[in-house]
Amino acid sequence: MNKIQISKPLSYTGIPASSPGVNLEPSKQEIQDKKLQNELTQKAELGKSQINFRGKFFNLNKNDLLFLSTIVSGLGLSAAYFDKLKEALNDFLTKNNFKSMGEITSEEHITEQCKLADDLIKASGIDENDDEKVPYLVNRIVERCDSGEEYSPADNIDFIDITLKSAAKEDPFLVENIKSAYKQFKEDDKKLIETLKTTFNLDEKQTKRLNEMIQNLLFDFGYFSLNQLNPEKNIEDIGILSDNITSEFGLSEYDSLLLSSEVLRRIMSIKYTPSINPLDRNQEQSQNDKTIFQQVLNKYNIPPAYYNILYREMKQDAYEAGYSSTLDIFKQGKDIANYKRTNAILNSSELKDIRTDLIIDFNIAVKNEDAVTEDAKTKAQKDTERYKKESALLTHINEQYDLSIDEINDLRRYFSEKKYDYKNDYWKAAYEISEKLNIKTKVMADIIQKINAMDKEEIEKGNFDFIKVLAAKAK
């Protein structure tokens, strides 16, 4: 087969998505936060490598094992000491007929708490006169005992003090910076839980169960925050978590998609801002709102990130106002200044010059809702048909010239920008594509004519063949 070179790469705009996308460039502060996150993750990985989270040889309560893992991480102990601590705790509980540390609560068991502290101090190998490590350990024991079965060390950041003490000597600001980042990660996790609670109308008992399911996943990895999960390496675990939550609360298939997307958004965010609310659960209305929203914004040269930000803030204003549609904020006859979130974005440096035009266009669009959505559907259908035809076209070009995956992607981007009318203006398409590929125009024209002669079924087959081509080249 002949081999061709595509003359130059082109920027990609692509077919507009059905919902706004996010692609914000991180600021210097966000990059620094990410570095701090990586520092924490590395330390968590170190701690995890030292710890056997499953407690194989002792019948210990899960919360007690979590407590011990916190102690080992906080004191920087080895796996050998973790085993000694498990043995000491197991012996103490057995001798005193306790099932877990959660039963050693309140003032009536203060003597037992003191005895347990002595046992664990000895098992940890720390100096009983150490005025930093001993108080740390005692405080963690009291905290675990008094919390009963509601134990959650993830809400406590004291345990990183000792681990990072040596680093603080080299960089006095490191500990405080990492503590600050840690707090943010935990606050962002709480934001996610609150967002899911609100969006899916969970009661307090269900919310508590949701938090427990997330903490269980983190416990399995020895992590303290969802930030530490890797969207690629942990994708199966994230999927299982979403499936379990869906099953637990009887969510619909569409709700499950909302849930999975939001959980991934939280995991991938440097600084998480919730994106969903109850208005998203009305699939038909939500899709209609997004269609109209995009039809309006497509008229303007707005950075893609602002699509998402503006829509998110409009949707939140509409929800807080008690509306059933995101675009209801343009239907109520009120000044847009009354919607503080939306107004703030419209007054931003990127949008302030077109603020008035956008408001006018949104008001016109919602008054002609049916016509706008019908026009959008027609355009979407044409885009889909053209996309399938171009897939078949790429398959035929590949048969003659054996394109690389990069060349295919470049052509796909090129087609998305040009939006050729292959039926009525195929000579223009043939000429420009042949120029790009550096082949004869007649050869390209023959291929396009062959595609134009295909019926719907043949186009579908060509589209399917293109998927097989991509799969083969991706190996």
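What you are looking at is a predicted structure, and each value in this text was computed from that prediction instead of being measured.

A. Here's a closer look at the overall build of the protein chain. Across its full length, the protein chain carries 20 helices and zero strands. For the protein chain, the proportion of its 475 residues judged to be buried stands at 47%. The long-range share in the protein chain, meaning contacts at least 24 apart out of those at least 6 apart in sequence, stands at 67%.

B. Region of the structure containing the packing of aromatic side chains. This structure, assessed with the given rule, holds nine aromatic pairs. Here the aromatic rings of Y323 and Y339 are separated by 6.3 Å at their centres, their planes lie at 65°, and the arrangement is edge-to-face. With Y323 in the loop between helix 13 (304–320) and helix 14 (340–346) and Y339 in the loop between helix 13 and helix 14, this residue pair connects regions lying 16 residues apart in the sequence. Centre to centre, the rings of Y414 and F415 are 6.2 Å apart; their planes meet at 55°, and the pair counts as tilted.

C. Geometry of unusual backbone geometry. Backbone geometry places K419, a non-glycine residue, at a positive phi of 50°. Judged by relative accessible area, which is 38%, K419 ranks as partly exposed.

D. Fine view of the pattern of salt bridges. Scanning all chains against the criterion turns up 30 salt bridges. R386 serves as the salt-bridge partner of D383, at 2.5 Å between the closest nitrogen and oxygen. Taken together, the residues D383 and R386, both in helix 16 (residues 369–401) and three residues apart, mark about one turn of the helix. Pair check on accessibility: D383 and R386 agree, each one buried. Each of R312, E313, E320 and R341 takes part in one network of salt bridges that share partners.

E. Just the environment of L202, in detail. In this structure, L202 sits in the loop between helix 8 (174–199) and helix 9 (204–221). Under the relative-accessibility criterion, L202 is labelled buried at 9%. For the pair formed by L202 and F249, sequence separation is 47 residues and the distance between their alpha carbons is 8.3 Å. If sequence neighbours within four positions are ignored, L202 has contacts with L196, K197, T207, L210 and F249.

F. View of the packing of helix 16 against helix 19 (residues 441–452). It is the contact of helix 16 with helix 19, at a shortest axis distance of 10 Å, that shows an interaxial angle of 135°. Classified by the interaxial angle, the pair formed by helix 16 and helix 19 is oblique. Along this stretch, helix 16 crosses helix 19, giving a crossing that reads as right-handed. Packed against helix 16, whose contacting residues are K389, A392, L393, H396, I397, Q400 and Y401, the element helix 19 presents V443, M444, I447, I448, K450, I451 and N452 at the interface. Split into classes, the residues belonging to the contact of helix 16 with helix 19 amount to nine nonpolar, three polar and two charged.

G. Molecular detail of helix 11 (residues 253–268). The terminal C-alpha atoms of helix 11, which comprises 16 residues, lie 23 Å apart, in line with the 22 Å expected from a rise of 1.5 Å per residue. Among the residues making up helix 11, those that are buried are Y254, D255, S256, L258, L259, E262, V263, R266 and I267.

H. Broad picture of the packing of helix 17 (residues 405–418) against helix 20 (residues 456–474). In the contact formed by helix 17 and helix 20, the axes pass within 10 Å of each other and the chain directions differ by 140°. Here helix 17 is positioned oblique relative to helix 20, judged by the angle of their axes. Side by side, helix 17 and helix 20 meet where I405, I408 and R412 of the first sit next to F466, V469, L470 and K473 of the second. Each residue belonging to the contact of helix 17 with helix 20 can be placed in one class, and the counts come to five nonpolar, no polar and two charged.

I. Fine view of the nonpolar core. F67, L85, L89, L116, L120 and I141 are the most contacted members of the largest nonpolar core, which totals 31 residues. Elements with a contribution of two residues or more to this core: helix 2 (62–75), helix 3 (79–95), helix 4 (110–124) and helix 5 (133–146). For this core, the element with the most residues is helix 2, which contributes seven residues. Those residues in contact with L120 that lie beyond four places of it in its chain are F67, L85, A88, L89, L137 and I141. Formed by 30 residues, the second largest nonpolar core is a distinct cluster that contains L279, I336, I354 and I359.

J. The arrangement of helix 10 (residues 235–248) in detail. For helix 10, with 14 residues, the first-to-last C-alpha span of 20 Å sits near the 20 Å given by 1.5 Å per residue. Among the residues making up helix 10, those that are buried are I238, L241, S242, I245 and T246. Seen along its axis, helix 10 keeps its buried residues to an arc of 135°; they face one direction. Opposite the buried face of helix 10, at more than 90 degrees from it, the exposed residues are E236, D243 and S247. In this structure, the buried side of helix 10 is in contact with helix 9 and helix 11.

K. Representation of the environment of I141 within the structure. Examined against the element boundaries, I141 turns out to sit in helix 5. A sequence separation of 40 residues divides I141 from M101, and the C-alpha atoms of the two residues are 8.6 Å apart. Ignoring sequence-local partners within four residues, the contact set of I141 consists of F67, M101, Q113, L116, A117 and L120.

L. How the structure looks around the side chain of S100. Examined against the element boundaries, S100 turns out to sit in the loop between helix 3 and helix 4. For S100, a relative accessible area of 4% translates into the label buried. Among the polar contacts made by the side chain of S100, one reaches the main-chain amide nitrogen of G102 at a distance of 3.1 Å. Beyond its immediate stretch of four places on either side in the chain, S100 contacts N61, D64, L93, R144 and E149.

M. View of the confidence of the model for the protein chain. Here the protein chain averages 80 in pLDDT, and 80% of its residues register 70 or above. Put simply, helix 6 (residues 160–163) is where the protein chain has its lowest mean pLDDT, 46, and helix 14 is where it has its highest, 94. Scored below 50 in pLDDT, residues 42–57 makes 28 contacts in the model with residues more than four places away or belonging to other chains. Below pLDDT 50 for its whole length, residues 154–164 participates in 31 contacts with residues either more than four positions away or in separate chains.

Scoring rules and cut-offs
Residues numbered from 1 in each chain as written. Predicted model: local features only at pLDDT ≥ 70, side-chain atom pairs only at ≥ 80, totals over all residues. Heavy atoms only, no water. Helix = DSSP H or I, 4+ residues; strand = E, 2+ residues; numbered from the N terminus. Buried < 20%, exposed > 50% of the residue type's maximum accessible area, 1.4 Å probe, protein only. Contact = heavy atoms within 4.5 Å. Phe/Tyr/Trp six-rings, centres within 6.5 Å; stacked < 30°, edge-to-face > 60°. Salt bridge = Lys/Arg side-chain N within 4 Å of Asp/Glu carboxyl O. Axes fitted to C-alpha atoms, helices over the stretch in contact; angles between N-to-C directions. Parallel < 35°, antiparallel > 145°, perpendicular 65-115°, else oblique. Left-handed = near helix turned anticlockwise from the far one by under 90°. Nonpolar A, V, L, I, M, F, W, Y, C, P; charged D, E, K, R; others polar. Expected span 1.5 Å × (residues − 1). Core = buried A, V, L, I, M, F, W, Y, C linked by side-chain atoms within 4.5 Å. Arc of directions from axis to C-beta. Polar contact = N/O pair within 3.5 Å; in protein donor to acceptor, adjacent residues only side chain to side chain. pLDDT = per-residue confidence, 0-100.

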